[in-house]
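# Observations on the three-dimensional arrangement
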Amino acid sequence: MSTETHEHQGPAYLQHHFHTPVQQFSAAKLGMWAFLSQEVLFFSGLFVAYGIFRSWYPEAFSVASHLLDWKMGGINTCVLLLSSFTAAMSVRSAQKGTQNQTSMWIVLTILFALGFMVIKYFEYAHKFHVGFAPGEYFAPSPEGMEEISHAMQSVNHLSLSAPPPEIRSFFGIYFMMTGVHGIHVLIGIFVFIWMLVRNVRGEFSPEFFTPVDLAALYWHLVDLIWIYLFPLLYLID
């Protein structure tokens, strides 16, 4: 009886179930696009919920949007746009085989992502301080009621004598949408930390940069989702 041995053919990064690096790259890219499509469907449900509730309570949503700090939201938008640029540059550097530059761009992406979360922390902290918590925990403090009164005066096309109770619904959706997005940002941070460790180990080269490419694709989606969240929550009156 003879036994056959199947030796690994090709470079070290080529998994045994692929014949060529090109096949492996194409399969990985297809898998990531399938995952991103699922993510789009997931967030679509949240956007649909936002649209339905806004159509039900337009006055409350107009007032509530003035309770958000659009300056913080705008800064976070710029931060994420810069992080998408640095993520794209990390892919470019990996393709060129410049290890140090790849590490630099990945570190910058991580720092921008952390900056986004720090700004979001301060924004969340203020909302909880004034009682704009989600669901049954929505209980505006005197300072919060003052902010609501000021927001009602800021909405010129409305003449409201009392705060719409449905503001509670707005903050439920706000915390759900931005919270889920924030979880994706945290996941992205850990993914890029993993990419940094692998790059320092010298695992990436012009022939193999797939993980960095896929991480950047994921991050671009995170950025894209926020680009929609920012105007819907902060800007539309």
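Analysis parameters
Residues numbered from 1 in each chain as written. Predicted model: local features only at pLDDT ≥ 70, side-chain atom pairs only at ≥ 80, totals over all residues. Heavy atoms only, no water. Salt bridge = Lys/Arg side-chain N within 4 Å of Asp/Glu carboxyl O. Helix = DSSP H or I, 4+ residues; strand = E, 2+ residues; numbered from the N terminus. Buried < 20%, exposed > 50% of the residue type's maximum accessible area, 1.4 Å probe, protein only. Core = buried A, V, L, I, M, F, W, Y, C linked by side-chain atoms within 4.5 Å. Contact = heavy atoms within 4.5 Å. Patch = residues over 30% accessible without salt bridge, like charges linked within 9 Å, V, L, I, M, F, W, Y side chains within 5 Å. Areas by Shrake-Rupley, 256 points an atom, 1.4 Å probe, with all protein chains shown as cover. Axes fitted to C-alpha atoms, helices over the stretch in contact; angles between N-to-C directions. Parallel < 35°, antiparallel > 145°, perpendicular 65-115°, else oblique. Left-handed = near helix turned anticlockwise from the far one by under 90°. Nonpolar A, V, L, I, M, F, W, Y, C, P; charged D, E, K, R; others polar. Expected span 1.5 Å × (residues − 1). pLDDT = per-residue confidence, 0-100. Phe/Tyr/Trp six-rings, centres within 6.5 Å; stacked < 30°, edge-to-face > 60°.

Scanning all chains against the criterion turns up four salt bridges. For Glu123, the salt bridge identified is with Lys120, shortest N-O distance 3.1 Å. Placement of both Glu123 and Lys120 in helix α4 (residues 99-129) is noted, with a separation of three residues, approximately one turn of the helix. Overall, Glu123 belongs to the buried group, its relative accessible area being 1%. On the accessibility criterion, Lys120 (5% relative accessible area) is buried. Note that Arg201 is salt-bridged to Glu203, the shortest N-O span being 3.8 Å. On the accessibility criterion, Glu203 (30% relative accessible area) is partly exposed. It is possible to trace a salt-bridge network through shared partners that takes in Arg198, Arg201 and Glu203.

Counting 60 residues, the largest nonpolar core has Ile167, Phe170, Phe171, Tyr174, Val185, Trp219 and Leu233 as its most contacted members. Of all the elements in the fold, those that place two or more residues in this core are α1 (21-56), α2 (58-65), α3 (70-96), α4, α5 (142-154), α6 (167-200) and α7 (210-235). Sort the elements by how many residues they give to this core and α7 lands first, with 15 residues. The contact partners of Ile167, leaving out residues within four places of it in the chain, are Ala60, Val63, Ala64, Leu67, Phe138 and Ile148.

Another aspect to go through is a nonpolar patch on the surface. On the surface, a nonpolar cluster with roughly 370 Å² of combined accessible area is contributed by Leu81, Leu224, Ile227 and Tyr228. A per-element tally of the nonpolar patch places α7 first, with three residues. Here Ile227 lies in helix α7.

Take the packing of α6 against α7 next. Running from amino to carboxyl end, α6 crosses α7 at an angle of 160°, the nearest separation of the two axes being 10 Å. As the angle between them shows, α6 and α7 are arranged roughly antiparallel. Our pair here, α6 against α7, has a crossing hand that is left-handed. Of the residues contributing to the contact of α6 with α7, the split by class is 21 nonpolar, four polar and one charged.

Here the focus is α6. Side chains of residues three or four places apart in an α-helix project in the same direction, reflecting 3.6 residues per turn. In this model, α6 (34 residues) spans 49 Å end to end at C-alpha, consistent with the 50 Å of a helix rising 1.5 Å per residue. Downstream of α6 by one or two residues, Gly202 has phi in the positive range, about 80°.

What follows concerns the packing of α4 against α6. Across the interface, α4 lies against α6 with an axial gap of 9 Å and an inter-helix angle of 155°. Comparing the axis directions of α4 and α6 gives the class roughly antiparallel. Both α4 and α6 take part in a crossing whose hand is left-handed. Per-class residue counts for the contact of α4 with α6 are 20 nonpolar, nine polar and three charged.

Across the protein, the average pLDDT comes to 88, with 87% of residues at or above 70. Within the model, pLDDT remains below 50 along residues 1-6, and this stretch shows zero contacts once partners closer than five positions in the same chain are excluded.

Our next topic: the packing of aromatic side chains. This structure, assessed with the given rule, holds 26 aromatic pairs. Summarising the aromatic geometry, the rings of Phe61 and Phe170 are spaced 5.2 Å apart at their centres and angled 85° between planes, so their arrangement reads as edge-to-face. In this pair, Phe61 sits in helix α2 while Phe170 sits in helix α6, placing the two residues 109 residues apart along the sequence. The burial state of Phe61 is the same as that of Phe170; both residues are buried. Ring centres of Phe170 and Phe171 lie 5.3 Å apart, and the angle between their planes is 85°; on these two criteria the pair is classed as edge-to-face. Taken as a pair, Phe170 and Phe171 share a single burial class, namely buried.

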